[in-house]
Amino acid sequence: MEQLQTLSTSWSLPVAAIVAAIGIFATMGLFSSKNHMPVEGRTVLLTGASEGMGRSAAIQLSQKGANVILVSRNVGRLEEALADVRAAAKNPSTQRFTYISADVSEHDYAAVVIAEAIAWNGGRSPDIVWCVAGMSTPLLWTDDDSMAAARRNMDVNYFGSAEMSRAILREWLAPENSTGPKGEPKHLVFTASMLALFAILGYGPYTPTKWALRGLADTLAMEVNYYPDNPVKVHIVFPGTIVSPGYERENQTKPDITVELEKDEPAESPDTVARRAIAGLEAGKYFVDVSFLGRLMQCGIMGGSPRNNWVLDTMMGWFIPIIYFFVLRGMNSTVVKWAREKGHPFTHPKKK
């Protein structure tokens, strides 16, 4: 995503205007310092918690005093992660931790996980559920394995989160669990990708799963308002490239042209992305960005999605389409040039 990365330098005037607007409105008190998602003493369940961003988020939430339930497939990695999460506890004598082994791609897995979590938590459902589990299999859409990869990516990335969201909302929104509109809200957190804001060649099996997840989050953000006595807040996080075992796996199939297009995108550590995501959740954001570039991209394609700040998001949205005009011209030129230099894509050697 090198063209996107140059926004902060090549298009300095609109970016400077946006930054100035942010500063002005911040001083006007439009940004609240209230913690909208306190976790101390509350129970957080995270999928995809045995490695990468999920593991880092679990550790940092433990440091803030949360009780944590880790969900993933690999028991060995879960046990290692659980030890790290327990060691990070803010209040070791009172905090509690456990893990549940589950495959998020399996039909109806989430109902079983939630039932087990409730039993472990003394009959109470988790207060916060964060769906982090995901995978990426970059391929050209014409590659032999692209449809199988697309179905697998959809099972893990979309249906894994969709099933968990349905299972926990059926619990949270049940009449017997009403707390009244003034009750402390539950929090449902989805994890999308910056590719759900700006699509790039080579991610055909992956990108639609994250756009679908964004559509589900938008829908549920409105639907939970149908239950005013059962307050629930919905959020969706948009990470970029994270240096993790998952990133190493996706690079095994990534087309060379995709590597070229995103070569200058800065990769972030799982700890950094988790920290920024948690900060965004604590700030009460619906769209949770983890970088300034991500913030710009969100405002350029928000459509009917809920806004973090209607004035700021609207102002930033005025600039982004102008910038995208140049970005897309640059990226498409790179693709055409690459094709001319490298020959027809069908003749390129395939990664295994």
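These figures come from a predicted structure and were not determined experimentally.

J.: Sorry, what's going on with the pattern of salt bridges here?
T.: Any two side chains of opposite charge can pair, given that their charged atoms come close. According to the stated counting rule, one finds 12 salt bridges in the structure shown. When the shortest N-O distance is used, the salt bridge between Glu262 and Lys254 registers 2.6 Å. Both residues of the pair, Glu262 and Lys254, count as buried. Overlapping salt bridges, with partners in common, bring together Glu51, Arg77 and Arg249 in one network.

J.: Which parts of the structure should I look at to understand the packing of aromatic side chains?
T.: How two aromatic rings sit relative to each other is given by the distance of their centres and the angle of their planes. Tallied over the entire structure, the rule returns 5 aromatic pairs. Centroid distance Tyr226 to Tyr227: 5.8 Å. Interplanar angle 80°. Geometry classified as edge-to-face. Residue Tyr227 is classed as partly exposed on the basis of its relative accessible area of 29%. With a centroid separation of 4.9 Å and an interplanar angle of 70°, the aromatic rings of Phe238 and Phe287 are classed as edge-to-face. In this pair, Phe238 sits in strand E6 (residues 232-238) while Phe287 sits in strand E7 (residues 287-289), placing the two residues 49 residues apart along the sequence. Phe287 carries the same exposure label as Phe238, and that label is buried. Connected via pairs of aromatic rings, a cluster forms that spans Phe238, Tyr286 and Phe287.

J.: It is not clear to me how helix H11 (residues 270-282) should be interpreted in this structure. Could you clarify?
T.: Spacing of three or four residues puts side chains on the same side of an α-helix, whose turn is 3.6 residues. The end-to-end C-alpha distance of H11 is 18 Å, a good match for the 18 Å that 13 residues give at a rise of 1.5 Å each. Against the buried residues of H11 lie helix H4 (52-63), strand E4 (128-131), strand E5 (186-191), E6 and E7.

J.: Please explain the layout of surface pockets as it appears in this structure.
T.: Counted as a void, the largest pocket has a volume near 1,100 Å³. Lining the largest pocket are 46 residues, with Gly134, Met135, Ser136, Gly246 and Arg249 positioned closest to its centre. Within the residue set of the lining of the largest pocket, elements represented by two or more residues are H4, strand E2 (67-72), helix H7 (146-172) and helix H9 (245-250).

J.: Please explain the UniProt feature "transmembrane region" (unreviewed entry) in the chain as it appears in this structure.
T.: With numbering aligned to this structure, UniProt lists the feature "transmembrane region" (unreviewed entry) at residues 12-32, 188-206 and 310-328. End C-alpha to end C-alpha, residues 188-206 measures 22 Å, and it is 0% helix and 21% strand.

Conventions adopted
Residues numbered from 1 in each chain as written. Predicted model: local features only at pLDDT ≥ 70, side-chain atom pairs only at ≥ 80, totals over all residues. Heavy atoms only, no water. Salt bridge = Lys/Arg side-chain N within 4 Å of Asp/Glu carboxyl O. Buried < 20%, exposed > 50% of the residue type's maximum accessible area, 1.4 Å probe, protein only. Phe/Tyr/Trp six-rings, centres within 6.5 Å; stacked < 30°, edge-to-face > 60°. Helix = DSSP H or I, 4+ residues; strand = E, 2+ residues; numbered from the N terminus. Expected span 1.5 Å × (residues − 1). Contact = heavy atoms within 4.5 Å. 1 Å grid on protein atoms, 1.4 Å probe; cavity = no way out; pocket = protein on both sides within 12 Å on 5 of 7 lines; lining within 4 Å. Points joined across faces, edges and corners; volume = space filled by probe spheres on them. UniProt positions renumbered as here; feature names shortened; annotations may be inferred.

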